[in-house]
Amino acid sequence: MTTDAAPIRLAVYGAGGRMGQAVLRAAQDCADVCIAAALVRAGSGLAGTPLPPLPPLSAGAAGEGEFVIAPPAGTLLEVVIDFSGVQGFDAALALALQHRAALVSGTTGLDAAQHVALDRAAEQIPVLWASNFSLGVALMQRFARMAAKVLPDWDCEIVEMHHRRKRDAPSGTALSLGEAVAQGRGVGLAEVAVHGRSGLTGARPAGQIGFHALRGGDVIGDHTVLFASDDERLELTHRAASRDLFARGALRAARRLARAQPGRYGMDDVLGE
Ligand SMILES: NC(=O)C1=CN([C@@H]2O[C@H](COP(=O)(O)OP(=O)(O)OC[C@H]3O[C@@H](n4cnc5c(N)ncnc54)[C@H](OP(=O)(O)O)[C@@H]3O)[C@@H](O)[C@H]2O)C=CC1
Ligand SMILES: O=C(O)C1=N[C@H](C(=O)O)C[C@H](O)C1
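Residues numbered from 1 in each chain as written. Chains lettered and ligands numbered in written order. Predicted model: local features only at pLDDT ≥ 70, side-chain atom pairs only at ≥ 80, totals over all residues.

As recorded by an unreviewed UniProt entry, the chain carries the name 4-hydroxy-tetrahydrodipicolinate reductase and is attributed to Tahibacter aquaticus. Per UniProt, the comment on the chain under Subcellular location (unreviewed entry) is "Cytoplasm". What UniProt records for the chain under Pathway (unreviewed entry) is the sentence "Amino-acid biosynthesis; L-lysine biosynthesis via DAP pathway; (S)-tetrahydrodipicolinate from L-aspartate: step 4/4." (UniProt positions renumbered as here; feature names shortened; annotations may be inferred.)

This is the structure we're talking about:
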């Protein structure tokens, strides 16, 4: 993408992780963004080591050139992109507030207090949190909501599979898909969710939404929302083949939020109507 405007100045929080590195890679292809700070946690062996090669427009950006544990004084940040997990999330949000920068966060497994903190921050800065930055998954949520509304009596189960290193279960995406199904049915997810089954469970109660988390190998992220009725079954499936797609989605979100008004934004704002 080319533009006459100055490149958007990004801080990548959790820059040494799987997703952080994917965002750095994706930014290399974009002339409209630059990496102003690639942040790793204090004590990380990466601190002070060179970044992978960056696009020419990044040259001269404060903090460019190496992984850092904090942006050098005076660094201008416009968007903080956070993939630091629940351990880093609070500090990423604090950094965005401190710099009056927008926050784009993909960290999953947040607790209720952290979601409230996102709402509070949105009074001061633009905030977009999404459990999944794939445009295909954003569309899948719409399909799931629609199917749940049209098929209120069908049994719904949500199955996800991820790599063996994933720390939270079920995935944030599975929970978001469950929220979409619950919205389509006009019920609260907490009242109808069941996580796995084992033992003498009895017959399946109507209206349940079942979650099943599989872990193994290097699977990037597969999700299926399954609706079952007598004699037929509908399955909506999304499979991610690379983390690059999440990184590209996060950069799209960053473009949408840079220089936007404070408030809560979602992937629907990125996807458009
Ligand atoms: N929304 C989406 O589209 C997607 C969301 N995710 C989510 O993103 C998160 C990260 O996933 P992934 O990249 O696979 O995980 P990784 O464990 O590979 O990366 C997390 C990184 O954050 C670093 N970190 C932890 N604490 C801090 C801190 N206080 N300051 C700075 N850096 C810190 C970790 O460092 P160290 O290892 O040194 O502790 C690690 O390098 C997860 O919550 C995951 O579910 C993942 C993919 C897509
Ligand atoms: O941890 C991951 O890897 C992923 N996490 C997100 C989630 O919890 O939904 C998104 C994606 O599926 C990959």
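Having seen the structure, we can now continue with the description.
**Student:** Give me the lowdown on the sheet that holds strand β7 (residues 155–162), citing residues and values where you can.
**Tutor:** The strand order across the open sheet built from five strands is β8-β9-β7-β10-β11, with neighbouring strands paired in mixed fashion. Among the strands making up the open sheet, the edge pair consists of β8 (193–195) and β11 (232–240). If you compare each strand with its neighbour and ignore which way they point, the axes differ by 20 degrees on average. Across seven bridges, the pairing between β7 and strand β10 (residues 221–229) is antiparallel. Bridge assignment links glutamate 160 to a residue of β10, and that residue is histidine 223. Here helix α4 (residues 135–150) sits on the sheet and contacts β7, β10 and β11; the angle it forms with β11, its principal contact strand, is near 165 degrees. (Pairing = 2+ DSSP bridges. Helix = DSSP H or I, 4+ residues; strand = E, 2+ residues; numbered from the N terminus. Axes fitted to C-alpha atoms, helices over the stretch in contact; angles between N-to-C directions. Contact = placed C-beta atoms within 7 Å.)

**Student:** Would you mind going over the packing of α4 against helix α5 (residues 172–185) in detail, with residue names and values included?
**Tutor:** One way to put it is that α4 packs onto α5 with a least axis distance of 7 Å and a crossing angle of 35 degrees. Every pair of crossing elements has a handedness; the one defined by α4 and α5 is right-handed. In contact with Val137, Met140, Gln141, Ala144, Arg145, Met146, Ala148 and Lys149 of α4, α5 contributes Thr173, Ser176, Leu177, Ala180, Val181, Gln183, Gly184 and Arg185. Class assignment for the residues of the contact of α4 with α5 results in eight nonpolar, five polar and three charged. (Left-handed = near helix turned anticlockwise from the far one by under 90°. Nonpolar A, V, L, I, M, F, W, Y, C, P; charged D, E, K, R; others polar.)

**Student:** Would you mind going over the sheet that holds strand β5 (residues 102–105) in detail, with residue names and values included?
**Tutor:** Ordered by their spatial adjacency, seven strands build an open sheet running β3-β2-β1-β4-β5-β6-β12, and the pairing between neighbours is parallel. Both outer strands of the open sheet, β3 (67–68) and β12 (263–265), are each paired with one neighbouring strand and no more. Note that strand β4 (residues 79–82) and β5 share four bridges and pair parallel. Across the sheet, isoleucine 81 pairs through a bridge with valine 104, a residue of β5. Along the sheet, helix α2 (residues 85–99) makes contact with β1 (8–13), β4 and β5, crossing β4 at roughly 175 degrees.

**Student:** Before we move on, can you summarise the domain arrangement of the chain with the specific residues and values?
**Tutor:** Assigned domains of the chain: these are domain 1 (8–129 + 243–271) and domain 2 (135–240). The straight-line distance from the C-alpha centre of domain 1 to that of domain 2 is 29 Å. Taken together, the nine residues of domain 1 in the interface contact eight residues of domain 2. Of all the elements in the fold, those that place two or more residues in the side of domain 1 that touches domain 2 are α7 (244–257) and α8 (267–271). Sorting elements by how many residues they give to the side of domain 1 that touches domain 2 places α8 first, with three residues. The class makeup of the residues in the side of domain 1 that touches domain 2 is three nonpolar, four polar and two charged. (Domains from an automatic or database assignment.)

**Student:** Residue-level account of α7, with values.
**Tutor:** Taking 1.5 Å of rise per residue, the 14 residues of α7 would be expected to cover 20 Å, and the 20 Å separating its terminal C-alpha atoms lies within 8% of that figure. Turning to α7, its buried residues number three or more, namely Leu245, Phe246, Ala247, Arg248, Gly249, Ala250, Leu251, Ala253, Ala254, Arg256 and Leu257. Just downstream of α7 lies arginine 259, where phi reads positive at about 65 degrees. (Expected span 1.5 Å × (residues − 1). Buried ≥ 20, exposed ≤ 12 C-beta atoms within 10 Å, placed from the backbone.)

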